[in-house]
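# Working through the structure, step by step
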Amino acid sequence: SQTIHQWPATLVQPVGSPLSLECTVEGTSNPNLYWYRQAAGRGLQLLFYSVGIGQISSEVPQNLSASRPQDRQFILSSKKLLLSDSGFYLCAWSVQGQGLNGYTFGSGTRLTVV
Amino acid sequence: QQPVQSPQAVILREGEDAVINCSSSKALYSVHWYRQKHGEAPVFLMILLKGGEQKGHEKISASFNEKKQQSSLYLTASQLSYSGTYFCGTLYNFNKFYFGSGTKLNVKP
């Protein structure tokens, strides 16, 4: 069966510090991978998506970046965090195409920038 | 660009019914529904692929009106466990998946 791992679960970082969040998927190959951010009490904002190794599409101009160094690994990074980067970050995967099996999310990383 | 959901929030007593609507300004080719419990990740409920399609999941069902670019989620005889935030979602192009604005459902004893 397929599983998705995301870490860390919680992170408190000072303004201006770097960020690296990692997501890995097991039990499938060539998945579509996504990063979403959710502000407190708000909806899910699409940040990045990837359809293959090295292929990253960005949705929102910001100080975040994403990389996909391996087929089942997706990394979210920042060189310098802002207060506005605080939120609940969720990685998700789907099968290629229309996502007929739905989108499966990792357990999320709660990031607080102080 | 994201789908719009209504209502934004619903408060129910156990056993009552609710309807959550999802509408889009762009053509919908498929609609997903998810439920998110507080502090947790969203969980996939169902996908509707065709106009007129209806599906059920326990006492939760959904319909998809492709022409009206709308989908509705029906919660029947609600239980305490149904509490959470419900999101619809759709693909606007082949790989960009957008979630709706969300509807917060609170079921009380």
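Rules used throughout
Residues numbered from 1 in each chain as written. Chains lettered and ligands numbered in written order. Predicted model: local features only at pLDDT ≥ 70, side-chain atom pairs only at ≥ 80, totals over all residues. Heavy atoms only, no water. Core = buried A, V, L, I, M, F, W, Y, C linked by side-chain atoms within 4.5 Å. Buried < 20%, exposed > 50% of the residue type's maximum accessible area, 1.4 Å probe, protein only. Helix = DSSP H or I, 4+ residues; strand = E, 2+ residues; numbered from the N terminus. Contact = heavy atoms within 4.5 Å. Buried area = accessible area lost by both parts, 1.4 Å probe. Salt bridge = Lys/Arg side-chain N within 4 Å of Asp/Glu carboxyl O. Polar contact = N/O pair within 3.5 Å; in protein donor to acceptor, adjacent residues only side chain to side chain. Nonpolar A, V, L, I, M, F, W, Y, C, P; charged D, E, K, R; others polar. Phe/Tyr/Trp six-rings, centres within 6.5 Å; stacked < 30°, edge-to-face > 60°. Lys NZ or Arg CZ within 6 Å of the ring centre and 35° of its normal.

### Observations concerning the nonpolar core
- Core analysis: the largest hydrophobic core is formed by 39 residues, its most contacted members being Tyr36 and Phe105 of chain A together with Trp33, Leu73, Leu75 and Tyr86 of chain B.
- Examining the composition of this core, we find that 4 residues originate from one element, strand 9 (residues 84–91) of chain B, more than from any other.
- Once residues within four sequence positions are removed from consideration, Leu73 of chain B is found in contact with Ala18, Val19, Ile20, Trp33, Met46, Ile60, Ser61, Ala62 and Tyr86 of chain B.
- Core analysis: the next-biggest nonpolar cluster, separate from the first, contains 20 residues, Val25, Leu47, Leu64 and Leu76 of chain A among them.

### Section: the interface of chain B and chain A
- Tallying the contact residues gives 21 residues for chain B and 23 residues for chain A.
- Summing the contributions of chain B and of chain A, the shared interface buries around 1800 Å²; its carbon and sulfur component is 59%.
- Ranking the residues of chain B by area buried against chain A places Asn95, Phe97 and Phe99 of chain B at the top, with a combined share of 27%.
- Counting the contacts that link chain B with chain A gives 0 salt bridges.
- For the pair chain B and chain A, the number of links is 4 residue pairs in polar contact (both at pLDDT 80 or more).
- Counting only elements with at least two residues in the side of chain B that touches chain A, the list comes to strand 4 (31–36), strand 5 (43–48), strand 9 and strand 10 (97–99) of chain B.
- When grouped by side-chain class, the residues that make up the side of chain B that touches chain A number 13 nonpolar, 6 polar and 2 charged.

### Digging into the packing of aromatic side chains
- If you walk through the whole model with that rule in mind, you get 14 aromatic pairs over all chains.
- Here the aromatic rings of Tyr34 of chain A and Tyr103 of chain A are separated by 5.0 Å at their centres, their planes lie at 65 degrees, and the arrangement is edge-to-face. Taken together, the residues Tyr34 of chain A in strand 4 (residues 32–38) and Tyr103 of chain A in the loop between strand 9 (87–94) and strand 10 (104–105) connect sequence positions 69 residues apart.
- Members of the aromatic cluster, each reached through a chain of ring pairs, are Tyr34, Tyr36, Tyr49, Tyr103 and Phe105 of chain A together with Tyr34, Phe44, Phe87, Phe97 and Phe99 of chain B.
- Above the plane of the ring of Phe88 of chain A lies Arg110 of chain A, whose end atom (NZ or CZ) is 4.2 Å from the centre.

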